[in-house]
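# Descriptive structure summary
Given next are the chains, with one letter for each unit.
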Amino acid sequence: MTTIIRPDGQTGVEQASDTGSVSGGAGGQYEPNMVLATGQYAVVGTRPIRHDGVDKVTGRAIYGADVKLPGMLHGKVLRSPHAHARIRRLDVGRALAHPGVKAVVTAADIPEAEDKHVDLGEGGGDLKFMQENILAREKALYKGHAVAAVAALDGHTAEEALKLIDVDYEVLPAVIDVREAMRKGAPLVHEDLTTESLGKPTDERSNVAKHFQWVLGDPAQGFAGADVVVEREFTTTMVHQGYIEPHNATAVWNADGYITIWCSTQGAFTVREQTAKILQVPVSRLKVVPTEIGGGFGGKINVYLEPVAVLLARKAGRPVKLVMTRAEVFQGTGPAPGAWMRVKLGATRDGRLVAAEAELAMEAGAYPGSNVGEGARCIFACYDIPNGRIDGYDVVVNRPKTAPYRAPGAPQAAFAAEQVVDEICQELGIDPLDFRIKNSAKEGTRNFDGRVNPRIGSIEVLQAAKAHPHYAAPLEGPNRGRGIAHGYWFNIGLESSVNISVNPDGTVNLVEGSTDIGGTRASVAMQAAEVLGLTAHDVKPSVVDTDSVGFTGVTGGSRTTFATGLAAIRAAEDVVRQMKARAARVWEVEPESVGFEKGVFTTSANPEARMTFQELAAQLSDTGGMIAGTASVDPDSAGGAFATNIVDVEVDPDTGKVTILRYTAVQDAGKAIHPSYVEGQMQGGTAQGIGWALNEEYFMNERGELANASLLDYRMPTALDLPMLDTVIVEVPNPGHPFGVRGVGEVPIVEPPAAVANAINRATGRRMTRLPMSPAAILEALGKI
């Protein structure tokens, strides 16, 4: 069940329904004017069955590994066994001579590009580094770094051929810890990398690719006026996004020079852009066909196999498919970065935050580009703090190049900041939610990066958590504690395109370019249906290839329901405009006299005239032809999202095991287009955050080798590890969207590590400053080992 905060200051419990949501009785009191008037929409806010549901539950949906083409070959990738090694010699002659092998490629097959930054929205970076991450050129920079690839008649033959590739490595010292990498004299991952500091290049050769600093007010004066100052250091480890479907790619290089790629990706267009840049081919010669995707969470934005498949297909003259093993996914793709952080906060006796300071150093992996900027943007964004400074460091290490993971950088930042906030509450003897409400960011608050908040829902979310029965419920028994954390994610816009065509029976076809990961076919179609006065299932959504719709950014950044939904609204409005003109022709009146509301056309010129959308659609072919609407948008009004978590835990002092007893997640969705999918995002993100908090980590030995590259050893939570995750949806409309939508997919993962840490502190009296808080870490904190 989901609780949705209503505009009349009451709660309502919603239960799933094909036709809509049903409000329950009155609950706790909340601030009024939290939501757009509930019930003003016919489709938005209801719970229709998802459009792609039947194909997925019957096994008819096509995923990347399902692609089969005539004459298709199978590819395999040779990966470095060393975390840092110079490639002195690479000989593929024996592999090429092996029976059944049709092609072998190395970095020599990739045209060398100039060393420049390419902006691809998400998935961009330094072009030279992007090429080298696909196939190592002079050095292998992490265990699992791709060195060569083979295409053969079958996978077994390709694996045999990999063993015939001769590589002479000069093993070099590896640096795998972010703090060690920053020290003077540390082994250099890149001998020619120099630090960019405070926006300017330097001559210093270092593993620190970038250092930036943001200052707000007067930090020294702020701390001088504080009565309580708390400062702590925190560390987190590299973790994986945990998607179930491995990376895959199938490519054809046609005789006419045109290339087609099939793959599971979060953005077909970003695959097209990255592959074109890496291989130095015109983007007009590439078509990317997105298959269904078995999870991504940010990890399927960057390309890994796609350029390799294209090169193999060109050499072999036949289609080539590559599918990673689970070990390759762990070792050869982008996890979330580990981090070291120092947070210092100062407050007055009456509970007012007056100063903040943070240092964040994040692992970029083998190539620059961690999410330290995003982490810095989020670390203090929940609060109105007048003075402070944030320093961020992007640090290369001999680990896989990192990639986004659901609110990238924000969970690490919140793990540090929210624990220091909690400790200040303890020092001052103030209720942790009252303290956060008093210091909450609000409309007009200036953030450390200079942005000023528009209308946001931080206070409303905190008040909803305070009024929730969970917060007041007794928590009895030894070794138990209740933790609170508040979190933020800024959300993004980016470009989206949608085409809508009207069918003679009054249904419409909606064509979009956004990969559907979390039910966005439905959420986008529902917004179009609302505008057109149709039911959700009268809109038939399709996710198409890059030749069939305008440019569309990735499904990531919590942008799809917001930005692609906005494109759908605009395309539907274009349809309505054209339909009004057609109705005017039928009635022989001026187009300006035609109105449209709730699926019915009327005209002020004749009060008796009336046509439904379906009735007019049936006449289109006889009155000038069928109608199609289109829209492309690039909004900058995404609107940030806030969430608060309440968690109860029990800690076993003998084993160190932490049991989650009860969990409540409260989140501002702006407007929940499909409440079931909002609930699913909240629960999914929370489950991932709990896994990050308690178990998940890249366990690297001193040689930079990942010791737990399987789902057996990389411990993710299952249903047996979690209670029912209760959700509360708060709706504070985003003024930058017609329906008030805010992205919901990422902020749910931000709070759990901090909330669980604060709960463990209340249960044990120990402050946990590193992730994961595994049984061994708990026992160490308790002095048991």
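Structure: above.
The next subject is the environment of Gly317. Of note, Gly317 is situated in the loop between α8 (306-316) and β18 (320-323). The spacing of Gly317 and Gly45 is 272 residues in sequence and 51 Å in space, taken between C-alpha atoms.

Because side chains alternate across strand β26 (residues 594-597), one face comprises the buried residues Val594 and Phe596, and the other comprises Gly595 and Glu597, none of which is buried. Bridging between β26 and strand β27 (residues 600-603) involves 4 bridges; their strand directions are antiparallel. Bridge pairing in β27 links Glu597 to Val600. Turn length for the β26-β27 hairpin, with the two strands adjacent in sequence and antiparallel, is 2 residues, and the turn residue Lys598 shows positive phi of about 55°.

A few words now on the packing of aromatic side chains. Throughout the structure, instances matching the rule amount to 15 aromatic pairs. Consider the rings of Tyr405 and Trp692, whose centres lie 5.3 Å apart with planes at 10°: the pair is stacked. You can see Tyr405 sitting in the loop between β21 (388-396) and α11 (410-428) and its partner Trp692 sitting in helix α18 (residues 675-694), a full 287 residues away along the chain. Assigned by exposure class, Tyr405 and Trp692 land together as buried. Put simply, the rings of Phe330, Tyr698 and Tyr714 touch in pairs and so form one group of aromatic residues. For the cation-ring pair, Arg179 lies above Trp340, with the distance from its terminal atom to the ring centre recorded as 3.7 Å.

On to the sheet that holds β21. The strand order across the open sheet formed by 7 strands is β12-β11-β13-β21-β20-β19-β14, and the pairing between neighbours is mixed. Here the strands that pair on one side only, and so sit at the sheet edges, are β12 (200-205) and β14 (228-236). Here the strands of the sheet are splayed against their neighbours by 15° on average, with no regard to which way each runs. The strands touched by helix α10 (residues 372-379) within the sheet are β13 (208-216), β19 (339-347), β20 (353-365) and β21, with β20 carrying the most contacts at an inclination of about 165°.

Before going further, it helps to examine the pairing of strand β28 (residues 606-612). Regular strands have side chains that alternate between both faces of the sheet. Pairing of β27 with β28, which is carried by 4 bridges, proceeds in the antiparallel orientation. Bridge pairing links Thr603 to Asn606 in β28. Two successive antiparallel strands, β27 and β28, enclose a turn made up of 2 residues.

As a further point, take the sheet that holds strand β24 (residues 508-512). Strand order across the open sheet formed by 4 strands is β25-β24-β23-β29, with mixed pairing between neighbours. Among the strands making up the open sheet, the edge pair consists of β25 (539-543) and β29 (628-633). Neighbour to neighbour, the strand axes of the sheet diverge by 15° on average, direction disregarded. Here β24 runs beside β25; their pairing, made up of 5 bridges, is parallel. Looking at the pairing, Val508 lines up with Val539 of β25. Sheet strands touched by helix α15 (residues 520-532): β23 (496-502), β24 and β25. Its angle to β24, the strand with the most contacts, is close to 135°. Packing of helix α16 (residues 560-587) onto the sheet brings it into contact with β23, β24 and β29, and relative to β29 it is tilted by some 145°.

A word on the packing of α10 against α11. Relative to each other, α10 and α11 sit at 40°, their axes nearing to 8 Å. By the angle between their directions, the pair α10 and α11 is classed as oblique. Helix-helix and strand crossings are classified by hand; for α10 and α11 the assignment is right-handed. Facing Gly375, Cys378 and Ile379 of α10, the residues of α11 in contact are Ala410, Ala413 and Ala417. Its residues placed into classes, the contact of α10 with α11 shows 5 nonpolar, 1 polar and no charged.

Our next topic: helix α4 (residues 155-162). Those residues of α4 that sit buried are Thr157, Ala158, Ala161 and Leu162. Considered in projection along α4, the buried side chains sweep an arc of 145° and stay on one side of the axis. At the N-terminal boundary of α4, the capping side chain belongs to Asp154, with an oxygen 3.1 Å from the backbone nitrogen of His156.

A separate point is the environment of Arg47. Considering the arrangement of structural elements, one finds Arg47 in the loop between β2 (11-14) and α1 (53-57). Each C-alpha atom, one on Arg47 and one on Ala536, is 9.4 Å from the other, the two residues being 489 residues apart in sequence. Among the polar contacts made by the side chain of Arg47, one reaches the side chain of Ser676 at a distance of 2.6 Å.

To continue, consider the layout of surface pockets. In this structure, the second largest pocket spans a volume of roughly 350 Å³. Thr236, Thr237, Arg399, Glu697 and Leu771 are, among the 22 residues lining the second largest pocket, the residues nearest its centre. Counting residues per element, the ones that place at least two in the lining of the second largest pocket are α5 (178-182), β14, β19 and α20 (775-781).

Rules used throughout
Residues numbered from 1 in each chain as written. Predicted model: local features only at pLDDT ≥ 70, side-chain atom pairs only at ≥ 80, totals over all residues. Heavy atoms only, no water. Helix = DSSP H or I, 4+ residues; strand = E, 2+ residues; numbered from the N terminus. Buried < 20%, exposed > 50% of the residue type's maximum accessible area, 1.4 Å probe, protein only. Pairing = 2+ DSSP bridges. Phe/Tyr/Trp six-rings, centres within 6.5 Å; stacked < 30°, edge-to-face > 60°. Lys NZ or Arg CZ within 6 Å of the ring centre and 35° of its normal. Axes fitted to C-alpha atoms, helices over the stretch in contact; angles between N-to-C directions. Contact = heavy atoms within 4.5 Å. Parallel < 35°, antiparallel > 145°, perpendicular 65-115°, else oblique. Left-handed = near helix turned anticlockwise from the far one by under 90°. Nonpolar A, V, L, I, M, F, W, Y, C, P; charged D, E, K, R; others polar. Arc of directions from axis to C-beta. Polar contact = N/O pair within 3.5 Å; in protein donor to acceptor, adjacent residues only side chain to side chain. 1 Å grid on protein atoms, 1.4 Å probe; cavity = no way out; pocket = protein on both sides within 12 Å on 5 of 7 lines; lining within 4 Å. Points joined across faces, edges and corners; volume = space filled by probe spheres on them.

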